[in-house]
Amino acid sequence: MRRLAVQSLACLIGIASLAFGQPSPPPDPSKIQVLIITGQHVHDWRGTTPILKQILESTGRFEVRVNEEFRGAGPETLTNYDLVVVNYYNRGDKDRWGDRANAALEAFVRAGKGLVLYHLALGAFDGWTEYDKMSGGNWRPNNGHHSARHDFTVDIKDTEHPITRGLKSFGVTTDELYANLRWQPEGSYHVLATAYDDHTLYQGKARQPIPGAGIHQPMLWTTEYGAGRVFVTTLGHGPDEVRESGFGTTFARGAEWAATGKVTLPVPPALAATAAPKFRVDPAWPKIPNGWQFGQVSSVSIDADDHVWVLQRPGTLGPEEKSKAAPPVLEFTADGTFVRAWGGPGKGYEWPSSEHGIYVDPKGFVWVGGNGTNDHQILKFRKDGSFVMQIGHAGKSRGNADTENLNQPADAFVHTPTNELFVADGYGNRRIIVFDADTGKFKRMWGAFGNVPKDDPPNPALPDAEPQGASQFVQPVHAARVSKDGLVYVSDRGGKRVQVFRLDGTYVTQVFIGRECKAPDCGNGTTAASTAFSTDPEQRFLYVGNRSQARVMVFERRGLEFLDSFGEWGSAPGQFGTLHHMAADSKGNLYVTEVTPLRPENRRVQKFVMLP
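Counting of residues starts from 1 at the beginning of each chain's written sequence and follows it residue by residue. Totals for whole chains, interfaces and linings use every residue, but because this is a predicted model, local features are given only for residues with pLDDT of at least 70 and side-chain atom pairs only at 80 or more, for both listing and counting. Only hydrogens and water are set aside; all other atoms, that is, all heavy atoms of the structure, feed into the side-chain values.

**Comments concerning the sheet that holds strand 12 (residues 279-282)**
The condition that has to hold: Between any two strands, pairing holds if DSSP finds at least two bridges. To qualify as a helix, a DSSP run of H or I must reach at least 4 residues; to qualify as a strand, a run of E must reach at least 2; elements of each kind are numbered from the N terminus. Comment: axis = line fitted to C-alpha atoms, over the contacting stretch for helices; angle = value between 0 and 180 degrees taken between N-to-C directions.
Spatially, 12-35-34-33 is the arrangement adopted by the four strands of the open sheet, whose pairing is antiparallel. On the outer flanks of this sheet lie strand 12 and strand 33 (579-584), each paired with one strand and no other. When strand polarity is set aside, the average angle formed by the axes of neighbouring strands in this sheet is 30°. Of the pairings in the sheet, the one linking strand 12 to strand 35 (residues 605-610) comprises four bridges and is antiparallel in character. From the neighbouring strand, D282 faces strand 35, where its bridge partner is K607.

This is the structure in structure tokens:
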């Protein structure tokens, strides 16, 4: 973890305390005047206070003094300050500040000044109602706990607030993840960042009930009190933790915002967020001819000419619509003009009973697979629909060890440099299997984490059984894509994650997608339905279709850092009802298909135009 460049504690320990009522030196009018109130704590206030002071003063924006005895203080103590930072925790009534000091702080903030509450200051002053209102959330009896200290990621939720604008999600090392605080009414506080509280880490020893596998807990937030602004951080248990760059950056920017309402301090380059692409939906795309009706639209692919190939399921139409059914495979130009259509049962091959995945490879061959019960094959065609090759046979799968047959394959991708077909296999099996794209000869296969894919129970595997997820893929293994730099991105939809591998199946890393999503409150509880890459030369961005949370999520591809998302449940343009597969064209536009239970049914493919 990158640390802030902070002077050693030995150099800082001589900071003088400011007793209440003692006249202050003339303030520097060009700087924000800060008073840190400390002097009593169950944590290492003597170690953290000098570092907090140094974090602020090292920006050149603040002038900081420290008060180690605020009990009995009054408004005269706060007169010269723009901001108060509380690094204080009272052990009992004897360590309370008293009514006069309490009233002074309330009046200070209410009049338009700033307040920063740091870490366990949220546990101070139980019974002081106005302090609770300023805090937004508090550690109180029967409200407030944490698992063992551990590494976790702080996810930025409000990318437009002055404190967090331009800041990417960041990791912290062996810190306390505060959970189950007592919160003021919703709307009285504003959450800037959260972290996922993994309930397995409590090992059955949580102080308060923790239903479910885990929940995202607020880490940074703001409140308003009168005309004043309050910034709250739960991070920074001790000296090591407050030296971390994520803490220091948010602490300093939060302090400036609390004092002034603005943030001028820059985000360090290592913490700067990458600007995510933005999109707008084209509600008129495509132009469907002949009065044809789509069934569920399962998949989409883009060919070398930027033509869009759509796979839909005529068999999902009702009896009254059968006569209007479009053929399963349709080709459109980028502007939505219809080119041709074909597909369905034919001589020499076994057409799937439930069309699922379509992929057009760089040589112009069209691959089609299905997820019907006996769809144990994948088909290869030319663009005109003429049959080329079939891998596997309907109803013949012998399970995950079978190298000749598939079992409800969900998706395919051809990696041109090695001429290999990568198949997400899929609904019946739980593996990635690789064939020669010309001959169909088996080459290799693997499961989650590069493990041998097995039929052994539990099947399906349990997505939340372990902190790192199941050791096998959790059906359906829904999509596979290979980047230009030779990384295989697997959409483990049932496992609520995207796993990344090298071409030989060596595991690299993973990112969870909506792990908090649980059925029936969140669709069917599966998320990572598909991936697509941005089409810039470096493929900087990874798009992930989140099925049950109805949104497309945008990540920085190499670091898997979450950047942005769009979409919500619904049937209007730009909304999603069970989004499925997606693909990007050479201009960066994104095409997303839907197989929906909504009414009206979203039997469609939507085009999202990338904004300049």
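**Remarks on the packing of helix 2 (residues 45-57) against helix 7 (residues 245-260)**
Here is the rule: In what follows, roughly perpendicular refers to angles from 65 to 115 degrees, roughly parallel to angles under 35, roughly antiparallel to angles over 145, and oblique to any angle outside these ranges. Handedness of a crossing follows from how the near helix is turned relative to the far one, being left-handed for an anticlockwise turn of less than a right angle and right-handed for a clockwise one. It only takes one pair of heavy atoms within 4.5 Å for two residues to be counted as in contact.
Interhelical geometry of helix 2 versus helix 7 gives an angle of 70° and a closest axis separation of 9 Å. Here helix 7 runs roughly perpendicular to helix 2, going by the angle between their axes. Classified by chirality, the crossing of helix 7 by helix 2 is right-handed. Of helix 7, the residues touching helix 2 (which contributes L52, I55 and L56) are F247, G248, F251, A252 and A255.

**Observations concerning unusual backbone geometry**
What counts is decided by this rule: Throughout, exposure labels follow a simple rule: accessible area from a 1.4 Å probe, protein chains only, divided by the maximum for the residue type, with under 20% read as buried, over 50% as exposed, and the rest as partly exposed.
A cis amide bond, omega -10°, links W285 with the succeeding residue P286. Take P286: it is sitting in the loop between strand 12 and strand 13 (296-302). Even without being glycine, F125 reaches a positive phi, approximately 60°. Relative to the helices and strands, F125 is located in the loop between strand 4 (114-118) and helix 5 (129-135). On the basis of relative accessible area, F125 is assigned to the buried category, the value being 1%.

**Describing the layout of surface pockets**
Going by this rule: The distinction between a cavity and a pocket rests on a 1 Å grid over the protein atoms alone: a 1.4 Å probe fits inside a cavity but cannot get out, while a pocket stays open yet meets protein on both sides within 12 Å along at least five of seven lines, and a residue with an atom within 4 Å of a point counts as lining. Grid points are joined across faces, edges and corners, and a volume is the space filled by probe spheres set on the points. Three classes are used: nonpolar for Ala, Val, Leu, Ile, Met, Phe, Trp, Tyr, Cys and Pro, charged for Asp, Glu, Lys and Arg, and polar for all others, with Gly counted as polar.
One number sums up the size of the largest pocket: a volume of about 970 Å³. Elements with a contribution of two residues or more to the lining of the largest pocket: strand 6 (150-156), strand 9 (189-198), strand 28 (507-512), strand 31 (551-556) and strand 32 (561-566). For the lining of the largest pocket, the leading source of residues is strand 6, giving five residues. A breakdown of the residues in the lining of the largest pocket according to their chemical character gives eleven nonpolar, nine polar and nine charged. Each pocket or cavity is described by its volume, and for the second largest pocket that value is around 680 Å³. Contributing to the lining of the second largest pocket are 29 residues, with I302, Y359, F413, Q539 and A584 lying nearest its centre. For the lining of the second largest pocket, the elements supplying multiple residues, two or more each, are strand 13, strand 17 (355-360), strand 21 (409-415), strand 25 (477-482), strand 29 (528-533) and strand 33. Looking at the lining of the second largest pocket residue by residue, the classes come out as 14 nonpolar, nine polar and six charged.

**Describing the environment of E130**
If you trace the backbone, E130 turns up in helix 5. It is 25 Å that separates the C-alpha atoms of E130 and T250, two residues lying 120 residues apart in sequence. In this structure, E130 is in contact with E106, R110 and Y225, ignoring residues within four places of it in sequence.

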